[in-house]
Structures are given as C-alpha cells and as structure tokens.
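Residue-level structure breakdown
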Amino acid sequence: LVRMLLGLVHATSGDVELLGEPMPWHAARVLPRVGALVEGPAAWTHLSGPANLRLLDAAGPGRRRGRRRRVDEVLDRVGLGGIDGRPVRAYSLGMRQRLGIAAALLREPELLVLDEPTNGLDPRGIGEIRELLTELNDRGTTVVLSSHLLGEVDALCHRVAVMNAGRIVLEQDLAALRAPTGRVLLRTPDPDA
C-alpha cells in the first residue's frame, strides 16, 4: 500500500490518489509535497549523514539558499544535531533510522508516509520520535503510519485501517474501536455462582 501511494509500484486493479491527485500519473506534482520512509532508510554509506541530506536537498527543485540551515534543523529535530562527519556505514541502526526520518522531513512535507518509523530505536529514541510525530501532526502535517506494533498505533494514531491479505478490512476512528460495545457475554460452568 505504501509503495502504491508513492508510485513505486502500480496497482493491479483500482485507482490510487494521493493529495487528491491520481498516482503515479501526477507523481511529479504530488511527491514534492510528501515525505516518506519506506522500509529501511537508504543512504550513501560512504558519506556522512549531513552530506547525504545536502545531496537529497540539492536533488529537489531550487532552494539552494538555506540548504545547510535546513539540513541542520532536521538533524536537530530527529536527535542527530551536531553529528560528526563519520560515514553512514558507521552509524547504528537507530541513527540510520533517524537519518531516514530527517530525509523525509527535509522539504517540510504536508503529508508524511512512514513505514515502521521507530524500527531499530531504543526506548528513549522511540519516545522522542513519537513526540516529534505528534508535534508535526499538531502543526498540520498529516502522518500516515504503517506499523504492526499495536502500542505504536495506539500512541500515535487517531484513525486506523486494518489490512489483511492486501485488503482493508476495517477503517475506523481509534476511539470508536476502544469504546465498549454495550454487550458483555459471560460464560461459566456454574451460572448460579
């Protein structure tokens, strides 16, 4: 689903829209407004994290002015501020994950699509990234999160969709899923007790 949203794979049937535009036909118009982390973060491992982000920023449209500032800001936001110049191949899995999230935030997206964003992070890092995602959402960024970790979904999501075998089988507000059903069934071998 995440890959289809981003135009990385084509749907075998049906239509895909992202930010109101059909995908992948309007990817060039839509994707500059989207930040994404799909599966594991990709990077040029022989370069430093900041160098990777500067290259990614340079690959986008215009905006040469302020590039170093933008890179430093997203590194600070994900907890990698002041990182040294060592190559990414020397980073821990958690540091790579943070770098991938920084790359997704580089262009201040209105939509953030994340697949397992806290993978490889320690408990403190998980808390920091959850706090960051909540802050981004509070400021107007829509966050689409794909996760099999129910605790993460519970901590971050307002609305959920449950998929089974490639199909959405449930889509509902999380609060409605948590609400009591009004029916309680009790089974006991001794009803009088």
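What this report covers is the structure whose coordinates are included nearby. (Residues numbered from 1 in each chain as written. Predicted model: local features only at pLDDT ≥ 70, side-chain atom pairs only at ≥ 80, totals over all residues. Heavy atoms only, no water.)

Section: the overall build of the protein chain
In terms of regular secondary structure, the protein chain is built from eight helices and seven strands. Along the three orthogonal principal directions, the C-alpha set of the protein chain runs to about 75 × 40 × 30 Å. Within the protein chain, contacts between residues at least 6 apart in sequence are counted, and of these 56% link residues at least 24 apart. Of the roughly 12300 Å² of accessible surface on the protein chain, a fraction of 52% belongs to carbon and sulfur atoms. Seen as two clouds, the 25 positive and the 24 negative side-chain charges of the protein chain have centres 9 Å apart. (Helix = DSSP H or I, 4+ residues; strand = E, 2+ residues; numbered from the N terminus. Contact = heavy atoms within 4.5 Å. Areas by Shrake-Rupley, 256 points an atom, 1.4 Å probe, with all protein chains shown as cover. Lys, Arg positive; Asp, Glu negative; His and termini not counted. Charge placed at Lys NZ, Arg CZ, Asp CG, Glu CD.)

Comments concerning unusual backbone geometry
In this model, Met23 is joined to Pro24 through a cis peptide bond whose omega is 5°. Structurally, the position occupied by Pro24 is in the loop between strand S2 (21-23) and helix H2 (27-30). In this model, Leu19 sits at a positive phi of 55°, which is unusual for a non-glycine residue. As for its placement among the helices and strands, Leu19 is situated in the loop between strand S1 (16-18) and S2.

Overview of helix H5 (residues 93-105)
Here H5 spans 19 Å end to end across 13 residues, near enough to the 18 Å set by a 1.5 Å rise per residue. For H5, a buried count of ten out of 13 residues is recorded, marking the element as mostly surrounded by other parts of the structure. Every buried residue belonging to H5 is among Gly94, Met95, Gln97, Arg98, Leu99, Gly100, Ile101, Ala102, Ala104 and Leu105, and all of these are buried. The secondary structure elements touched by the buried residues of H5 are strand S3 (34-37), helix H3 (49-59), helix H4 (67-77), strand S4 (111-115) and helix H6 (123-138). (Expected span 1.5 Å × (residues − 1). Buried < 20%, exposed > 50% of the residue type's maximum accessible area, 1.4 Å probe, protein only.)

A short note on the environment of Asn137
Position of Asn137 relative to the elements: it lies in helix H6. The partly exposed category is assigned to Asn137, whose relative accessible area is 27%. Along the primary structure Asn137 and Gly82 are separated by 55 residues, whereas in three dimensions their C-alpha atoms are 26 Å apart. When sequence neighbours within four positions are dropped, the list of residues in contact with Asn137 reads Thr142, Val143 and His158.

Quick word on the layout of surface pockets
With a probe scaled to a water molecule rolled over the atoms, the places where space remains empty come into view. Its volume calculated, the largest pocket comes out at about 1000 Å³. Lining the largest pocket we find 28 residues, and of these Val144, Leu145, Arg159, Val160 and Ala161 sit closest to its centre. Among the elements of the structure, helix H1 (2-5), H6, strand S5 (142-146), helix H7 (150-156), strand S6 (159-164) and strand S7 (167-173) are those that each provide at least two residues to the lining of the largest pocket. Looking at the lining of the largest pocket residue by residue, the class counts come to 18 nonpolar, seven polar and three charged. Taken together, 27 residues make up the lining of the second largest pocket; nearest its centre are Val34, Ala36, Leu56, Ala103 and Ala104. Those elements that provide at least two residues to the lining of the second largest pocket are S3, H3 and H5. The residue inventory of the lining of the second largest pocket, partitioned by class, reads 19 nonpolar, five polar and three charged. (1 Å grid on protein atoms, 1.4 Å probe; cavity = no way out; pocket = protein on both sides within 12 Å on 5 of 7 lines; lining within 4 Å. Points joined across faces, edges and corners; volume = space filled by probe spheres on them. Nonpolar A, V, L, I, M, F, W, Y, C, P; charged D, E, K, R; others polar.)

Examining the packing of H5 against H6
In the contact formed by H5 and H6, the axes pass within 12 Å of each other and the chain directions differ by 10°. Viewed along their axes, H5 and H6 adopt a mutual orientation that is roughly parallel. Contact with H5, carried on its side by Arg98, Ile101 and Leu105, involves Gly125, Glu128, Ile129, Leu132 and Leu136 of H6 and no other residues of that element. Among the residues forming the contact of H5 with H6, the class breakdown is five nonpolar, one polar and two charged. (Axes fitted to C-alpha atoms, helices over the stretch in contact; angles between N-to-C directions. Parallel < 35°, antiparallel > 145°, perpendicular 65-115°, else oblique.)

What is shown is where atoms sit, not what they do.
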